[in-house]
Amino acid sequence: MKRPFLAAFAALLTALLLCAAPVLPAQAHTSLKSSDPQKNAQVKTLQKVTLEFADSVQFPVVVVRGEDGKRYENGSPAVEGPKVTQAVTEPVPPGRYTIAWRVVSPDGHPLEGEIPFTVIDDQSLGTATSAAAPGETASAAAPSSAATAQATEAGSTGRTGVPGWIWAVIFGIAGVGIGMFLSLRKKP
């Protein structure tokens, strides 16, 4: 009686190890930790773009593009370990912009993303101050919008990993295999 139990336990352990094997390479991918400007931020001026990743990256490409399609990056991006810095042509007129980036993680996996933001002029800043709640200044309202932008950015960077439907298929196959093993074994 002990023998079938040990065989079933060994089959279960093997199935679990095989299911966990695809996860190991995915853990080596890096992710975007922070950016300056942050996602959906409003800035007065833009002199450079800074992207910070969880690990060192290689072969960065950073494009700063306006609504009209005009590009505003100046030169090649500089890499210092996990930080990528891209100079921007000045002056950058008020409007909506998108930072499109692409890097290669230490394991060779390419990562890419976009960060929308807005450059505002001093008149727009005055409008933002008057739009604040009574008794609340624009500087008091800014931290909450910055915290929201950080939370949104943190949620959008977790795109590396194995989708849930793949796990369902793997565990389903493993369950069928274990069931077949148990039902087809010789009975004394």
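Just so it is clear, the structure is predicted and the values come from calculations on it, not from any experiment. (Residues numbered from 1 in each chain as written. Predicted model: local features only at pLDDT ≥ 70, side-chain atom pairs only at ≥ 80, totals over all residues. Heavy atoms only, no water.)

Moving on, we get to the sheet that holds strand E2 (residues 42-43). Pairing is mixed in the open sheet, where four strands are placed in the order E2-E8-E7-E4. Each of the sheet's edge strands pairs with one partner strand only, and the pair in question is E2 and strand E4 (58-66). As paired strands, E4 and strand E7 (residues 95-104) are joined by seven bridges and run antiparallel to one another. Of the residues in E7, the one forming a bridge with Val-64 is Ile-99. (Pairing = 2+ DSSP bridges. Helix = DSSP H or I, 4+ residues; strand = E, 2+ residues; numbered from the N terminus.)

Counting across every chain of the model gives three salt bridges. Note that Glu-112 is salt-bridged to Arg-102, the shortest N-O span being 2.9 Å. Here the residue Glu-112 occupies a position in strand E8 (residues 110-119), and Arg-102 occupies one in strand E7, the gap between them amounting to 10 residues. (Salt bridge = Lys/Arg side-chain N within 4 Å of Asp/Glu carboxyl O.)

Burial along strand E6 (residues 83-87) is one-sided: the face carrying Val-84 and Gln-86 is buried and the face carrying Lys-83, Thr-85 and Ala-87 is not. Looking at chain direction, strand E3 (residues 48-53) and E6 are connected through five bridges and run antiparallel. Across the sheet, the residue bridging to Thr-50 is Thr-85, located in E6. Across three bridges, the pairing between strand E5 (residues 78-80) and E6 is antiparallel. Across the sheet, residue Ala-78 finds its bridge partner in E6, namely Thr-85. In this antiparallel pair of consecutive strands, E5 and E6, the connection spans two residues, and Gly-81 shows a positive phi of 65 degrees. (Buried < 20%, exposed > 50% of the residue type's maximum accessible area, 1.4 Å probe, protein only.)

Here we have four strands laid out as an open sheet, ordered E1-E3-E6-E5, and antiparallel in their pairing. One side of each edge strand has no neighbouring strand; the edge strands of this open sheet are strand E1 (32-36) and E5. Pairwise comparison of adjacent strand axes, ignoring direction, gives a mean angle of 15 degrees for this sheet. (Axes fitted to C-alpha atoms, helices over the stretch in contact; angles between N-to-C directions.)

We now examine the nonpolar core. Looking at soluble globular proteins, one finds that nonpolar side chains tend to be buried together. Counting residues in each nonpolar core, the largest one holds 21 residues, and the members touching the most others are Val-49, Leu-51, Phe-53, Val-64, Trp-101 and Phe-117. Among the secondary structure elements, those contributing two or more residues to this core are E3, E4, E7 and E8. In contact with Trp-101, other than residues within four places in its own chain, are Leu-32, Leu-51, Phe-53, Val-61, Leu-111, Glu-112, Gly-113, Glu-114 and Ile-115. (Core = buried A, V, L, I, M, F, W, Y, C linked by side-chain atoms within 4.5 Å. Contact = heavy atoms within 4.5 Å.)

Right, let's get into the environment of Glu-73. Along the polypeptide, Glu-73 turns up in the loop between E4 and E5. Between the C-alpha atoms of Glu-73 and Lys-48, which are 25 residues apart in sequence, the distance is 8.4 Å. If near-sequence neighbours (up to four positions away) are discounted, Glu-73 is found in contact with Val-62, Val-63, Val-64, Gln-86, Ala-87, Val-88 and Thr-89. A polar contact of 3.0 Å, which involves the side chain of Glu-73, links it to the backbone nitrogen of Val-64. At 2.4 Å, the side chain of Glu-73 forms a polar contact with the side chain of Arg-71. (Polar contact = N/O pair within 3.5 Å; in protein donor to acceptor, adjacent residues only side chain to side chain.)

Now for the packing of aromatic side chains. The final tally for this structure, using the stated rule, is four aromatic pairs. Measuring from centroid to centroid gives 5.8 Å for Tyr-97 and Phe-117, while their planes differ by 25 degrees, and the two rings are stacked. Taken together, the residues Tyr-97 in strand E7 and Phe-117 in strand E8 connect sequence positions 20 residues apart. Here the two residues Tyr-97 and Phe-117 agree in accessibility, since each one is buried. These aromatic residues form a ring-pair network of at least three members: Tyr-72, Tyr-97 and Phe-117. (Phe/Tyr/Trp six-rings, centres within 6.5 Å; stacked < 30°, edge-to-face > 60°.)

Further remarks concern the pairing of E3. When E1 meets E3, the two strands line up antiparallel, connected through four bridges. Each residue of the ladder has a partner; that of Asp-36, found in E3, is Thr-50.

For Gln-86, the location among the structural elements is in strand E6. A polar contact is formed between the side chain of Gln-86 and the backbone oxygen of Asn-74, at a distance of 3.3 Å. At a separation of 3.2 Å, a polar atom in the side chain of Gln-86 contacts the main-chain carbonyl oxygen of Gly-75.

Keep in mind that these numbers describe shape and distance, not what the molecule does.
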